[in-house]
Amino acid sequence: MLWLAVCALSLGLFGLLAYLLPISLSSNLQARAEPSGSWVLALGIGLGPFAFSAIAARGVKPFLSCHLFGKQLVRFSLSRWRREPEDKNEPERPAKGGERSRVDRAITGFFRNLDPLDTILAWWEKESVFRVQSLQLNVEYSFRDVALTGRILAGLCVLSGVLPERYVINQTPVWASEDRLALVADGRFRIWPVRLVVDVLGFVLKQTAVARRSVAPESE
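Note that the structure is a prediction, hence the values are computed from the model and not measured.

Observations regarding the sheet that holds strand S4 (residues 60–68)
With mixed pairing, the 8 strands of this open sheet are ordered in space as S5-S4-S3-S2-S1-S8-S6-S7. Across the chains shown, the open sheet's two edge strands, defined by having one partner strand only, are strand S5 (71–77) and strand S7 (167–173). Neighbour-to-neighbour, the strand axes of the sheet open up by a mean angle of 10 degrees, direction not taken into account. One ladder, built from 7 bridges, connects strand S3 (residues 50–57) with S4; its direction is antiparallel. Its bridge partner lying in S4, alanine 51 is registered against histidine 67. The sheet contacts of helix H4 (residues 146–162) involve strand S6 (130–142) and S7, and relative to S7 the element is tilted by about 160 degrees.

Points about unusual backbone geometry
Backbone geometry follows two general trends: most residues other than glycine have a negative phi, and most peptide bonds adopt the trans configuration. Its identity is not glycine, yet phenylalanine 69 carries a phi of approximately 55 degrees, on the positive side. Tracing the backbone through its elements, the reader meets phenylalanine 69 in the loop between S4 and S5.

Description of the nonpolar core
One finds Leu25, Phe130, Val132, Tyr167, Phe189 and Ile191 forming the largest nonpolar core, which totals 6 residues. Those elements giving two or more residues to this core turn out to be S6 and strand S8 (180–191).

Side note on a nonpolar patch on the surface
Nonpolar side chains collect at one region of the surface, where Leu9, Leu13, Leu16, Leu17, Leu20 and Leu21 lie side by side and expose about 580 Å² of accessible area between them. When you line up the elements, leucine 21 lands in the loop between helix H1 (2–20) and strand S1 (23–33).

Details of the side chain of serine 142
Relative to the assigned elements, serine 142 resides in strand S6. Looking at serine 142, its side chain comes within polar contact range of the main-chain oxygen of glutamate 178, at 2.8 Å.

Brief notes about the pattern of salt bridges
This structure, assessed with the given rule, holds 4 salt bridges. Residue glutamate 34 pairs with arginine 32 through a salt bridge whose shortest N-O separation is 3.5 Å. We classify arginine 32 as partly exposed; its relative accessible area is 43%. Close ionic contact of glutamate 178 with arginine 180 constitutes a salt bridge, the shortest N to O distance being 3.0 Å. Taken together, the salt bridges that share partners define one network made up of Arg32, Glu34, Glu178 and Arg180.

How each quantity is defined
- Residues numbered from 1 in each chain as written.
- Predicted model: local features only at pLDDT ≥ 70, side-chain atom pairs only at ≥ 80, totals over all residues.
- Heavy atoms only, no water.
- Pairing = 2+ DSSP bridges.
- Helix = DSSP H or I, 4+ residues; strand = E, 2+ residues; numbered from the N terminus.
- Axes fitted to C-alpha atoms, helices over the stretch in contact; angles between N-to-C directions.
- Contact = heavy atoms within 4.5 Å.
- Core = buried A, V, L, I, M, F, W, Y, C linked by side-chain atoms within 4.5 Å.
- Buried < 20%, exposed > 50% of the residue type's maximum accessible area, 1.4 Å probe, protein only.
- Patch = residues over 30% accessible without salt bridge, like charges linked within 9 Å, V, L, I, M, F, W, Y side chains within 5 Å.
- Areas by Shrake-Rupley, 256 points an atom, 1.4 Å probe, with all protein chains shown as cover.
- Salt bridge = Lys/Arg side-chain N within 4 Å of Asp/Glu carboxyl O.
- Polar contact = N/O pair within 3.5 Å; in protein donor to acceptor, adjacent residues only side chain to side chain.

Structure (structure tokens):
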């Protein structure tokens, strides 16, 4: 019985430390759009020895990969989890490659019901769960409408003046009559894992309840 008490005490202390102590997180986001219509978006997140990367581009299915000490552990496509407009008149098409697993169907349903903007804002505003240490944005842009380029230049200048010092915006407007964008964002963050898990569970339950309430009137 003594070893059970020791294990329970150790787990309790570990959970308490995980609740109180944050861990550091680094991220890098790069995006580019060309006048031809081609575009690419890449996101990398570093968490200790783990690294996560997601890439999407025109004509390429988005995918996510996970690495440990530089070695790829897993890679899978994100296209089947994206939110798509529902057409009730269109019959449901069977998935390619046979029947999908329950876990896959559950994850697909969760991501389709998830509002990404609400998710980001919900976590961004809670500094007890997620805190920004530094965020630097480098952006180069031009538009066919030169007046629009000027308005964005003025807006980003105003935004730079009101943001806290940990947020830095470096912009390079190009006065060419073409639509072009290049963006690089580097961030350093702190997260509290246990608090984040509790918050995520609460958010998921809230999103599920909202989705069920929106479906209930349609079924009546």
